[in-house]
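Examining the three-dimensional arrangement
Each chain, written out:
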Amino acid sequence: MSISDTRLPERIFLSPPHMSGGELGLIQEAFASNYIAPLGPQVDAFEAEFARISGHRACLAVSSGTAAMHLALRCLGVGPGDEVLASTLTFIGSVSPATFMGATPVFIDSDKATWNMDPDLLAEELADCQKRGHLPAAVVPTDIYGQCADLDRILEVCRPYGVPVVADSAEAVGANYRGRHAGKGAQAAVYSFNGNKIITCSGGGMLASDDVSLIEKARFLSQQACEPAPHYEHKVIGYNYRMSNILAAIGRAQLAVLPEKVEAKRKIFEYYRENLTGTPGIEWMPEAKYGRCNRWLSVMLVDPKDFGVERDEVRLALEERNIESRPVWKPMHLQPVFKHCRARINGVSENLFKRGLCLPSGTQISPSQQLIIINYIKAIRNHRANNLK
Ligand SMILES: *Cc1c(COP(=O)(O)O)cnc(C)c1O
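Residues numbered from 1 in each chain as written. Predicted model: local features only at pLDDT ≥ 70, side-chain atom pairs only at ≥ 80, totals over all residues. Heavy atoms only, no water.

**Thoughts on the pairing of strand E2 (residues 83–87)**
The element E2 is extensively covered by neighbouring structure, given that five of its five residues are classed as buried. Pairing between E2 and strand E4 (residues 138–140): three bridges, direction parallel. Counted as the bridge partner of Leu 85 is Val 139 from E4. (Buried < 20%, exposed > 50% of the residue type's maximum accessible area, 1.4 Å probe, protein only. Helix = DSSP H or I, 4+ residues; strand = E, 2+ residues; numbered from the N terminus. Pairing = 2+ DSSP bridges.)

In structure tokens:
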């Protein structure tokens, strides 16, 4: 297959930012107020608006999703010698905060139907932890690619042990679970507005909870733990994690178009699926009946037996054409940095990592650009099929 002559002049990115047009007006407002600072009226408004759409009683805007997770674990008292049970199929930002607190992650594999933390495996692990006399300090399920984990079952499994749940809903802003926003119902939930997420501030995160005192404690810690005093007085060590007022302005304008973004992402996914149905060896990320995925990324599975080509050959062929795609997250239990950690593995995440490919899913991608990708994927397969004849 000759590829170089069909290289696209403009790269198609995986999930680039997509501004709504309202951002500059709010940034100008922020400038006019001269709150060129972390804190300020844009941050307050962003927190209030996010609390409204996510249904949480309180929200804290911070510098990243990772920072939000760090604060959540700190407020729940996670510390040295503790264990934190986490999804193995996730991004590192979900798990590194446990290590910041001196705790050790323990990884739980996915269930096949949702790709998220398998509640049965979690139940087995918790029972074993109880037998050992060492219950985890927290459970952190990820809502992978914008599909909610089965939060009610996870909460039900954790409740008898009194173990708190922090939902990593970093990828799931705008997704829904049994009629509630992703993450709502957990002791705390974490969201990300990194540049590649469904809405972005360029960088940022949100910690949300119905426990107002948890959010107030996190707020105190996120601002260097300054005691109320005219001078700077410190009794504990905090962090510098607040969100800038300028970035909150961007976040507010993005949040205003969140429903449209979810619809656009879902349409992008459907377009891929409809047009590639019938191509042997391709499957799609399933959608759980209990919720509505935001389809942050459109994820396809390649079965090399039926498709004729390995996932990575597809990725490299797309790359040669200037199209960015990415393998599904490498499970945490396979990461060199976590090789000493315990894991309860059923093979699902390893299989998804081997076969899964995230396709360009930016909300400004056009149907004709998608068609180029779709036809190219078909061509990759036909080329191989013809070579085998
Ligand atoms: C993006 C992401 C994070 C971290 O968010 P940042 O804002 O990039 O720090 C955490 N967990 C998951 C699952 C993510 O995708």
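**Digging into the side chain of His 181**
The residue His 181 is located in strand E7 (residues 180–181) in this model. For His 181, a relative accessible area of 11% corresponds to the buried category. A polar atom in the side chain of His 181 sits 2.9 Å from the backbone nitrogen of Gly 174. What His 181 contacts, discounting residues up to four positions off in sequence, is Ile 53, Ser 54, Ala 172, Val 173, Gly 174, Ala 175 and Tyr 191. (Polar contact = N/O pair within 3.5 Å; in protein donor to acceptor, adjacent residues only side chain to side chain. Contact = heavy atoms within 4.5 Å.)

**Looking at the pairing of strand E9 (residues 205–209)**
When you tally the buried positions in E9, you get five out of five residues, the bulk of the element. The alternating pattern of E9 places Gly 205, Leu 207 and Ser 209 on one face and Met 206 and Ala 208 on the opposite face, and all of these are buried. Strand direction decides the pairing type here: strand E1 (residues 58–62) and E9, joined by five bridges, are antiparallel. What sits directly across from Ala 58, in E9, is Ser 209.

**A closer look at the packing of helix H3 (residues 65–75) against helix H7 (residues 212–222)**
Interaxial distance between H3 and H7 falls to 10 Å at its minimum, and their mutual angle equals 115°. Note that H3 runs across H7; the crossing there is right-handed. Contacts between H3 and H7 involve Leu 71, Arg 74 and Cys 75 on the former and, on the latter, Leu 214, Lys 217, Ala 218, Leu 221 and Ser 222. Its residues assigned to classes, the contact of H3 with H7 comprises five nonpolar, one polar and two charged. (Axes fitted to C-alpha atoms, helices over the stretch in contact; angles between N-to-C directions. Left-handed = near helix turned anticlockwise from the far one by under 90°. Nonpolar A, V, L, I, M, F, W, Y, C, P; charged D, E, K, R; others polar.)

**Remarks on the sheet that holds E1**
Strand order in the open sheet formed by four strands is E1-E9-E8-E5, and the pairing between neighbours is mixed. Looking at which strands have only one partner, the edges of the open sheet turn out to be E1 and strand E5 (166–168). On average, each strand axis in the sheet is tilted by 20° relative to the strand beside it, whichever way the strands run. Inspection of the sheet shows strand E8 (residues 188–192) paired to E9 by four bridges, in the antiparallel sense. Considered in E9, the bridge of Ser 192 is made with Gly 205. Together, E1, E8 and E9 form the strand contacts of helix H2 (residues 41–54), whose direction differs from that of E1 by roughly 130°. Helix-sheet contacts for H3 involve E1, E5, E8 and E9, and the interaxial angle to E8 is about 165°.

**Observations concerning the sheet that holds strand E14 (residues 343–344)**
The strand order E4-E2-E3-E14 describes an open sheet built from four strands, whose pairing is parallel. Looking along the sheet, the strands with just one partner apiece sit at the ends: E4 and E14. In the sheet, strand E3 (residues 104–108) pairs with E14 via two bridges, with the strands oriented parallel. Bridge pairing in E14 places Phe 107 opposite Ala 343.

**What about the domain arrangement of the protein?**
A common way to state how big an interface is: give the accessible area lost once the parts meet. The domain boundaries assigned to the protein delineate domain 1 (4–9 + 258–387) and domain 2 (23–256). Placing a centre on the C-alpha atoms of domain 1 and another on those of domain 2 gives a separation of 27 Å. Listed per partner, the contact involves 39 residues of domain 1 and 51 residues of domain 2. In this assembly, domain 1 packs against domain 2 so that about 3,900 Å² is buried in total across both faces, 61% of it on carbon and sulfur atoms. (Domains from an automatic or database assignment. Buried area = accessible area lost by both parts, 1.4 Å probe.)

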